[in-house]
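# A structural walkthrough
One letter stands for each residue in the lines below.
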Amino acid sequence: MVENLIIGAGVVGMATALEILGRGQSVHVIDSREHEGLGTSYANGGLLTPSMSDPWNTPGVHKHILEFILSSKSALKIRLGAIPSLMTWGPRFLLNSTPRRHEAATLANLALSIYSLKTLDDMRQTYSLDYEAVQAGSMKIFRSQESLDHAARLTDMLGAFGLCSEVADAARAIELEPSLYPIRDEVRGAIFYPHDGVGDAHLFCQAAGKAVRAMGGVMQFGHMVEALHTSGNRITSATVDGNKVLVNRVIVATGVASPALAAALGVRLRIKPVKGYSVTYRPGKSNRLPKMPVIDDAYHTAVTPIGDRLRAAGTAEFAGHDVQMDKRRVVGLANMMQEIFPEMMDKETLAAGTPWAGLRPVSADGRPYIGPGPQSNLWINSGHGHLGWTMAAGSARLLVDLIEGRRTEIDANPYRIDR
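A brief look at the structure comes next. Keep in mind that this is a model prediction, so the values were computed, not measured.

### Concerning the overall build of the chain
Broken down by element type, the chain carries 11 helices and 20 strands. Taken against the 2.2 N^0.38 rule, which gives 22 Å for 419 residues, the C-alpha radius of gyration of the chain at 21 Å falls within 12% of a compact globule. Looking at the chain residue by residue over its 419 residues, the buried ones come to 56%. When contacts within the chain are restricted to residue pairs at least 6 apart in sequence, those whose partners lie at least 24 apart make up 76%.

Now the structure itself:
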């Protein structure tokens, strides 16, 4: 009998495993890939950013739908083949783009993100996890006064709910992040978020895997959970590669694969896969990397220093579950890197970049699903979108508190499965 079967070994699943083991229970983590962290957690932007808590369905997003479909240069791209799969999800995405609903989702994400970074630091210290963590803040730069003013208004509103920030003019921005000096004449201003951080999500998964094994947890890779079987109001077993495994509790934390698995149990998770790209560079020892992530508002691109690497991440593409890379997207990220760090990105460095694409599990209302399913022993932890790494640890602790019937440290209602 498996006490806690966790399906998914990305950042969310591994954080959940650590949290459960830390409470004295056993875990069995299963994933279809060869080892932990090979899915969306593998080469994501590395950002730990409560500052990016606002969902993508910004008020007024409906005005850009045709651009998303027709333009090859749009930061958000809808492939024609993906449109049929969005016929029910899409309207809900737009329905939740009203100012009131978008603000509510942003505040819910912010609360969970702030809580999560504190929890992640606790996990890092408790289990001696090494994932190249740095808390030097992050900076969003703006190339027009209008865009800076708009972002500053949102940041000011979030300040009342715990987000710390500093609106900076161009000179102050260069002082905080000297690597931006070559484009000083193009930067109108910036917003600095001192409590944001950086970490390698893949390294976290590997470090967490070692800790899980050291505490007696079981890690099973290269195997599929094909079905979950119920009797009455409980899940009794799981079929894994044709074999039945008895289970006491099941936790679904498998990102974009979660909706299909949950649907067989009568749970509708309004989650769609959204492809994101990254390119990882090694600029060389002669180049001084930026101290913190730099998010360019005009290009919708984040550039993150992770150890001795520099990772550019951006774009959002609705293309179903297809993870093939569009070369135009990769070239676009390279061009943006040259725009942001022109002196650092020479031809040799650009040519040696390593591209990657992964699928973010994006919910229609911009909030994750965390909580119990209709069966008494089914629990969901999925749908974190672009904030999966930021929210992973906090989501794990919130979920396990719910499982144990404890009073949660933050309000769990915004993330209910039945919302």
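### Considerations on the sheet that holds strand E19 (residues 369-372)
The strands making up a sheet are joined through hydrogen bonds of the backbone, oriented either antiparallel or parallel. If you walk across this open sheet you meet the six strands as E9-E2-E1-E13-E20-E19, and the pairing is mixed. Only two strands of the sheet have a single neighbouring strand rather than two, namely strand E9 (218-221) and E19. Along the sheet, successive strands turn relative to each other by an average axial angle of 15°, direction set aside. Sheet topology places E19 next to strand E20 (residues 378-382); four bridges connect them, and they run antiparallel. Within the sheet, the bridge partner assigned to Gly-371 lies in E20 and is Ile-380.

### Brief notes about the sheet that holds strand E12 (residues 243-246)
Spatial ordering of the open sheet is given by E10-E11-E12, a layout of three strands whose pairing is antiparallel. Pairing within the sheet leaves two strands with one partner each, and these edge strands are strand E10 (225-231) and E12. Across this sheet, the average inter-strand angle for adjacent strands is 30°, counted without regard to direction. In terms of strand pairing, strand E11 (residues 234-240) meets E12 through four bridges, oriented antiparallel. Paired with Ser-237 across the strands is Leu-246, a residue of E12.

### What about unusual backbone geometry?
Among all residues except glycine, the phi angle is most often negative; among peptide bonds, the trans geometry is most common. We note that His-300 has phi near 55°; this positive angle belongs to a residue other than glycine. Here His-300 is to be found in the loop between strand E15 (294-296) and strand E16 (301-306). Taking the relative accessible area as the measure of exposure, His-300 reaches 52% and is therefore exposed. The backbone phi angle of Thr-315 is positive, close to 70°, even though this residue is not glycine. In this structure, Thr-315 sits in strand E17 (residues 309-318).

### What to know about a positive patch on the surface
Residues Arg-92, Arg-100, Arg-101 and Arg-268 make up a contiguous surface patch of positive charge. Looking at the element boundaries, Arg-101 is found in helix H4 (residues 99-127). Of the residues examined, Arg-101 reaches a relative accessible area of 32% and is grouped as partly exposed.

### Considering the nonpolar core
Judged by nonpolar contacts, the single largest core of 47 residues is most densely connected at Met-14 and Phe-204. Looking at this core, the elements with two or more residues in it are helix H1 (11-22), H4, helix H7 (201-214), E9 and helix H11 (388-403). If you tally residues by element for this core, the top one is H11, at nine residues. If we skip the residues at most four places from it in the chain, Met-14 touches Gly-8, Ala-9, Val-29, Glu-36, Phe-204, Cys-205, Ala-208, Gly-209, Val-212 and Met-219. Within the second largest apolar cluster, 29 residues are counted, among which are Ile-141, Leu-289, Leu-350 and Ala-357.

### Some thoughts on the environment of Gly-358
Looking at the secondary structure, you find Gly-358 in strand E18 (residues 354-363). Once residues within four sequence positions are removed from consideration, Gly-358 is found in contact with Val-274, Lys-275 and Gly-276.

### Some points on the pattern of salt bridges
Tallying each qualifying case throughout the model produces 25 salt bridges. Between Arg-23 and Asp-401 there is a salt bridge, and its shortest N-O distance comes to 2.8 Å. With a gap of 378 residues between them, Arg-23 in the loop between H1 and strand E2 (28-31) and Asp-401 in helix H11 connect regions that are remote in the sequence. Given the relative accessible area of 5%, Asp-401 is considered buried. Note that Asp-308 is salt-bridged to Arg-282, the shortest N-O span being 2.8 Å. Of this pair, Asp-308 sits in the loop between E16 and E17 while Arg-282 sits in the loop between strand E14 (271-281) and E15; the two residues are 26 residues apart in sequence, bridging distant segments of the chain. Looking at Arg-282, the relative accessible area reads 54%, which means it is exposed. Ionic contacts of the salt-bridge type, sharing partners, join the residues Glu-19, Arg-23, Asp-122, Arg-397, Asp-401, Glu-404 and Arg-406 into one network.

### Overview of the packing of aromatic side chains
Scanning the entire structure with this criterion turns up five aromatic pairs. Ring centres of Trp-89 and Phe-318 lie 5.5 Å apart, and the angle between their planes is 55°; this geometry places the pair in the tilted category. Residue Trp-89 is found in helix H3 (residues 89-95), and its partner Phe-318 is found in strand E17; the two are separated by 229 residues along the sequence. Of the residues examined, Trp-89 reaches a relative accessible area of 4% and is grouped as buried.

### Notes on H1
The end-to-end C-alpha distance of H1, which contains 12 residues, comes to 16 Å, matching closely the 16 Å that a straight helix rising 1.5 Å per residue would cover. Of all 12 residues in H1, 11 are buried; the element is thus mostly enclosed. Those residues of H1 that fall on the buried side of the exposure criterion are Val-11, Val-12, Gly-13, Met-14, Ala-15, Thr-16, Ala-17, Leu-18, Glu-19, Ile-20 and Leu-21. The positive-phi residue at the C-terminal boundary of H1 is Gly-24, with phi of around 90°.

### Digging into the packing of H1 against H11
Look at H1 against H11: their axes get within 8 Å of each other, and the N-to-C directions meet at 35°. Seen along the crossing, H1 lies across H11 with a hand that is right-handed. Between H1, through Val-11, Val-12, Ala-15, Thr-16, Glu-19 and Ile-20, and H11, the contact on the second element is made entirely by Gly-388, Trp-389, Ala-392, Ala-393, Ala-396, Arg-397, Leu-399 and Val-400. Taken together, the residues of the contact of H1 with H11 break down into 10 nonpolar, two polar and two charged.

Conventions used here
Residues numbered from 1 in each chain as written. Predicted model: local features only at pLDDT ≥ 70, side-chain atom pairs only at ≥ 80, totals over all residues. Heavy atoms only, no water. Helix = DSSP H or I, 4+ residues; strand = E, 2+ residues; numbered from the N terminus. Rg over C-alpha atoms; globule rule 2.2 N^0.38 Å. Buried < 20%, exposed > 50% of the residue type's maximum accessible area, 1.4 Å probe, protein only. Contact = heavy atoms within 4.5 Å. Pairing = 2+ DSSP bridges. Axes fitted to C-alpha atoms, helices over the stretch in contact; angles between N-to-C directions. Patch = residues over 30% accessible without salt bridge, like charges linked within 9 Å, V, L, I, M, F, W, Y side chains within 5 Å. Areas by Shrake-Rupley, 256 points an atom, 1.4 Å probe, with all protein chains shown as cover. Salt bridge = Lys/Arg side-chain N within 4 Å of Asp/Glu carboxyl O. Lys, Arg positive; Asp, Glu negative; His and termini not counted. Charge placed at Lys NZ, Arg CZ, Asp CG, Glu CD. Core = buried A, V, L, I, M, F, W, Y, C linked by side-chain atoms within 4.5 Å. Phe/Tyr/Trp six-rings, centres within 6.5 Å; stacked < 30°, edge-to-face > 60°. Expected span 1.5 Å × (residues − 1). Left-handed = near helix turned anticlockwise from the far one by under 90°. Nonpolar A, V, L, I, M, F, W, Y, C, P; charged D, E, K, R; others polar.

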